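Report on the structure
Chain by chain, the residues run as shown.
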Amino acid sequence: MWRRSPKKSSKNLDGAVNHLELGWSTQQLTGLMFGASFSWGSTRNTVRYGGCYRWELGPHTAGHKLKSTAWEPKSMSKISPTPVSVLTPLPVTSWARASTQVTTPATSTTGTAGMDITKFVVSHREKALLYGDYSTYHTSLSKKILNCRKKLNIATKKRGTFHPRNQVTAEQVAEDHDYIHLQLLTAERTWADAMAVKAAHSVETKGIGGKTRSHIVSRLEKGARTAEQLAEVLTQSASGASSVDILEARAYAALLRGAALFEKQHWEPCLKSYSVARIIYSALSTSAKNDIFKDLLSETIDPSIRYAAYQAQIPRTQPIAEIALKYFQHAGPELAAHIEKQNPAVLQHGDADAKQGAGGAPATLTWRGREVKIEDAAIAIAWAAVGAEKAKLADKLSSAGSLAPRELAGAYDDILVTSQDAVDATKQAIDELKSEGVPQSDSRMQSLQITRTTVNYEMISWRIGRNRALIGQDDGARLDFGAPSKKKKKQEQEQEQAEEALEQKGRDLTPGRQIAKLKEKVVLYDGILQSVESIKELPGVANDQEFSAQLEATSQYFTALKCLAISRSHAIAGNTINALALVKRALDQCTAALPALSGSDDGKPAPRNIQVTNQHAGLLRDILGGELQRSRALVEIHSLNKSASASQTGGAGKPLSSQLFNYPTGGVDLNNIVTYPPQLEPIPVKPLFLDVAWNYIEYPAKQQQQQQQRPAAAVQDKSKGTEKEPEPEAKPQKRGWFGFGR
């Protein structure tokens, strides 16, 4: 095992070098060195040492001790290298005793911790596909496989002879979890290769050919075999795998096997494999509360099962959970025992969420007296959930008593979510039929269109009900601004007293605050009117005249409420004429809507929705009648006050003589023709431009005086002999080249 190397290397500080080749990993070698310089190579596991020191091997090599003693130089000028190396083996009994004391290194991945197979695979996929495609993922997996083999010391050396790799054993898995990662990376590389080829040929118009499909299938089958071998190894007790690890390995193997059978278009075996994966991931998702399993179910497994079931001519009304539970029966009792440890309910219902809708899901729904069959199982489950939430909402409102508007509106959140799920399921079913080329005249498509109208009407109805709850009692017909909300709750008695005081102070709010409250109500009314208009656009609504008349009456009812709120804001602002016009408009709308509305309120606290009874419209009509009389009175008072103020300020106006250019439309006030006695008033005098123009005006007297002065001045110049010669005309200067200006 140990041998002395005859080779010599470069000298170190001491001048003496011993070269040993060790048959152990450098990570397992520990040494105690005294002032020596050394280096080791990771390729051949060699250690070069010099000086005076003593080596002791790690726990895996405890059977030998290497003692190396070298000379101690007397001086640096005289060096005589005479190294001596002695290898002293221990007895066999000491070797056996030392081998039983092997401890786990700090970097080892063994232990009883979870293997996290699904998390390992999904994290590698997401990380690689985030920045690249399947080809990039395939390349990165090849590098990771090589690094993993080097770490396990099973990689083929450069220019070395290739030896067939043995299968992974349970003992190796128990010793180091990197063997599990090696198997997973190998299976993932085959899957990435298949997906890369499929993605490259998916853009072709002719589709995937026979040779290409056979290559994809062979890659997927190889990955499935690797995953199945790993699952078999983990089922052995020597591997130390837990029940969760075994389930994750079986689910991953079934997922790859199902993908291979999906490409081979063998639908029955494909359903069996995907059913195993779905049942396992459903059990793990409820026990571990991990979103990774739910994402695999919703994005990969469920669409594949639905398509394979369609190809196998399984009706769409059968839920996916029931299909998976039906094809899971062949899996065997051992796998079922592992699943029962995680969640026994999955083996009974196929899914934790299917317990509510699988047994009691409705098979039909009724719209306007017409009963249609539910064509999709997802729609049936969602519709059953809507019915359950409707009953919960009614019980909550009946037991809670009087609630604040915001608390009452918050109770509608659950039923809005479930109704939206039903709408999404219906839309998805219609899109799937359209993608399959099913015409609109088909009975399935017609049933789905009626289902679409029903579920959309239900969702919009509850949305309108929530807005009505936010508006307040009687849909905001009564003038009630509401008490301000309290952030901190006190004792019940103090709260009741404070509420009574706040109700009285609610009417004493500032005009700006009152108008802001009314604006909030107007926004809610606009949302209700938009929702009613969206119902009119649903399929089949326009042809139903009776239903269209009810929708129009509902729209008129909420339009009247909107006009009433706006008229109140105008009345607060002092625009009484606008308020009167809006109240009249609201009364006309309410009167027109009253005959089309039917039904009566039984007095029970039922949840509010789009249904408006004639009692609601009658109450609004009575309130609008009173508001109309009040607005007329306010307008009359305003006009009388205006005329009175005009008569009081009439004498102080301008007289008729100063308004001759204005026609007196209201008649002539004969008592105010002129201002008498006249008062001192400023009038415009000489404008400024006359003084400026004085320098440019020549008068006749001024011209004669100038003519007389000119001959006298000429005689004086001649007598003095100082007659001036005429000045030569100034020549124009040249500007620039050739006389052109610059």
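In this text, all values refer to a predicted model and were calculated from it rather than measured experimentally. (Residues numbered from 1 in each chain as written. Predicted model: local features only at pLDDT ≥ 70, side-chain atom pairs only at ≥ 80, totals over all residues. Heavy atoms only, no water.)

1. A look at the overall build of the protein
Along the protein, the regular secondary structure elements total 24 helices and 10 strands. Expressed as a percentage of its 742 residues, the buried residues of the protein come to 35%. In the protein, of all internal contacts separated by at least 6 residues, the share reaching a separation of at least 24 is 68%. Taken as a whole, the protein presents about 46900 Å² of accessible surface, with 52% of it coming from carbon and sulfur. (Helix = DSSP H or I, 4+ residues; strand = E, 2+ residues; numbered from the N terminus. Buried < 20%, exposed > 50% of the residue type's maximum accessible area, 1.4 Å probe, protein only. Contact = heavy atoms within 4.5 Å. Areas by Shrake-Rupley, 256 points an atom, 1.4 Å probe, with all protein chains shown as cover.)

2. Description of the nonpolar core
For soluble globular proteins, nonpolar side chains are generally found buried alongside one another. Counting 74 residues, the largest nonpolar core has Leu234 and Tyr281 as the members making the most contacts within it. The biggest single contributor to this core is helix α7 (residues 243–264), with 12 residues. In contact with Leu234, other than residues within four places in its own chain, are Met115, Ile117, Val173, Ile180, Ser239, Ala241, Asp245, Ile246 and Ala249. Among the nonpolar cores identified, the runner-up in size contains 60 residues, and Val386, Ala429, Val532 and Leu624 belong to it. (Core = buried A, V, L, I, M, F, W, Y, C linked by side-chain atoms within 4.5 Å.)

3. Digging into the side chain of Ser461
Note on placement: Ser461 falls in helix α17 (residues 443–471). Here Ser461 is in contact with Asn609 and Ile610, once residues within four sequence places are set aside.

4. Focus: the confidence of the model for the protein
As a note on interpretation, predicted positions should not be read in detail where pLDDT is low. With 70% of its residues at a pLDDT of at least 70, the protein reaches an overall mean of 76. When the criterion is pLDDT under 50, residues 354–359 qualifies, and its contacts beyond four places in sequence or with other chains add up to 5 contacts. Overall, residues 483–490 carries pLDDT values under 50, and its contacts beyond four positions in sequence, including any with other chains, amount to 5 contacts. (pLDDT = per-residue confidence, 0-100.)

5. Concerning a nonpolar patch on the surface
Among the surface-exposed residues, Val668, Leu670, Ile673, Val674 and Tyr676 lie close enough to one another that they form a single nonpolar patch of about 570 Å² accessible area. For Tyr676, the position within the fold is in the loop between α22 (614–648) and α23 (689–693). Assessed through its relative accessible area of 75%, Tyr676 is described here as exposed. (Patch = residues over 30% accessible without salt bridge, like charges linked within 9 Å, V, L, I, M, F, W, Y side chains within 5 Å. Salt bridge = Lys/Arg side-chain N within 4 Å of Asp/Glu carboxyl O.)

6. Observations concerning the pattern of salt bridges
Think of it this way: side chains of opposite charge can pair up when their charged atoms draw near. Following the criterion strictly, the structure yields 21 salt bridges and no others. Of the charged contacts, one joins Glu188 and Arg125 as a salt bridge, the two residues approaching to 2.8 Å between their closest N and O atoms. Placement of Glu188 in helix α5 (residues 178–201) and of Arg125 in helix α2 (residues 117–131) is noted, with a sequence separation of 63 residues between them. Exposure remark for Arg125: the relative accessible area of 16% places this residue in the buried category. In this structure, Glu552 engages Lys536 in a salt bridge whose closest nitrogen and oxygen atoms are separated by 3.0 Å. Here the residue Glu552 occupies a position in helix α20 (residues 545–573), and Lys536 occupies one in helix α19 (residues 511–536), the gap between them amounting to 16 residues.

7. Concerning the packing of α2 against helix α3 (residues 134–151)
Packing of α2 against α3 leaves a shortest axis separation of 9 Å and a crossing angle of 125 degrees. If you check the angle between α2 and α3, you find them oblique. Judged by the sense of rotation from one axis to the other, the crossing of α2 with α3 is right-handed. Contacts between α2 and α3 involve Val121, His124, Arg125, Ala128 and Leu129 from the first element and Tyr134, Tyr137, Ser140 and Lys144 from the second. (Axes fitted to C-alpha atoms, helices over the stretch in contact; angles between N-to-C directions. Parallel < 35°, antiparallel > 145°, perpendicular 65-115°, else oblique. Left-handed = near helix turned anticlockwise from the far one by under 90°.)

8. Observations regarding the pairing of strand β10 (residues 370–373)
Note that strand β9 (residues 364–367) and β10 share 4 bridges and pair antiparallel. Residue Trp367 lies in a different strand from β10, and its bridge partner there is Arg370. Between the antiparallel neighbours β9 and β10 lie 2 residues, among them Arg368 with a positive phi of about 55 degrees. (Pairing = 2+ DSSP bridges.)

9. A closer look at the packing of aromatic side chains
Here the structure, examined in full by the defined rule, presents 11 aromatic pairs. Considering the side-chain rings of Tyr134 and Trp191, the 5.7 Å spacing of their centres and the 80 degrees angle between planes classify their relative orientation as edge-to-face. In this pair, Tyr134 is assigned in helix α3 and Trp191 in helix α5, connecting sequence segments 57 residues apart. Here Tyr134 falls in the partly exposed class, since its relative accessible area comes to 27%. Plain terms: the ring middles of Tyr137 and Trp191 are 6.4 Å apart, the flat faces sit at 75 degrees to each other, and that makes the pair edge-to-face. Of this pair, Tyr137 sits in helix α3 while Trp191 sits in helix α5; the two residues are 54 residues apart in sequence, bridging distant segments of the chain. (Phe/Tyr/Trp six-rings, centres within 6.5 Å; stacked < 30°, edge-to-face > 60°.)

10. A look at α20
For α20, which comprises 29 residues, the first-to-last C-alpha distance of 42 Å matches the rise-based estimate of 42 Å (1.5 Å per residue) to within 8%. Where α20 terminates, the next one or two residues include Gly574, which has phi positive at roughly 100 degrees. (Expected span 1.5 Å × (residues − 1).)

11. Some thoughts on a negative patch on the surface
Where like charges cluster on the molecular surface, the negative patch consists of Glu126, Asp291, Asp295 and Glu299. Ranked by the residues each element gives to the negative patch, the list is headed by helix α9 (residues 291–311), at 3 residues. Turning to its location among the elements, Glu299 is positioned in helix α9. Assessed through its relative accessible area of 60%, Glu299 is described here as exposed. (Lys, Arg positive; Asp, Glu negative; His and termini not counted. Charge placed at Lys NZ, Arg CZ, Asp CG, Glu CD.)

12. Notes on the environment of Lys434
Locating Lys434 in the fold gives a position in helix α16 (residues 413–435). Given a relative accessible area of 46%, Lys434 falls into the partly exposed group. Spatially, the C-alpha atoms of Lys434 and Met445 are 8.7 Å apart, while their sequence positions differ by 11 residues. Residues in contact with Lys434, not counting those within four places in the same chain, are Gln440 and Met445.

13. Observations regarding the packing of helix α6 (residues 210–235) against α7
Relative orientation of the contacting elements α6 and α7 amounts to 160 degrees, with a least axis distance of 8 Å. As the angle between them shows, α6 and α7 are arranged roughly antiparallel. At the point where α6 passes α7, the crossing takes the left-handed sense. The residue makeup of the contact of α6 with α7, split by class, is 14 nonpolar, 2 polar and 9 charged. (Nonpolar A, V, L, I, M, F, W, Y, C, P; charged D, E, K, R; others polar.)

14. Some points on unusual backbone geometry
For residues other than glycine, phi is negative in most cases, and the peptide bonds are mostly trans. The peptide bond linking Tyr676 to Pro677 adopts the cis configuration, its omega dihedral lying at -5 degrees. Residue Asn153 is not a glycine yet carries a positive backbone phi of 60 degrees. Residue Asn153 is classed as exposed on the basis of its relative accessible area, which comes to 68%.

15. Brief notes about the environment of Asn467
With respect to the helices and strands, Asn467 occurs in helix α17. Judged by relative accessible area, which is 11%, Asn467 ranks as buried. Residues Asn467 and Gly527, 60 residues apart in the sequence, show an inter-C-alpha distance of 7.8 Å. Leave out the neighbours within four places in its chain, and Asn467 touches Leu524, Gly527 and Ile528.

16. A few points about the side chain of Asp178
By the secondary structure assignment, Asp178 is in helix α5. Among the residues examined, Asp178 registers a relative accessible area of 6% and is labelled buried. Within the structure, the side chain of Asp178 is placed 3.3 Å from the side chain of Lys151, a separation counted as a polar contact. (Polar contact = N/O pair within 3.5 Å; in protein donor to acceptor, adjacent residues only side chain to side chain.)

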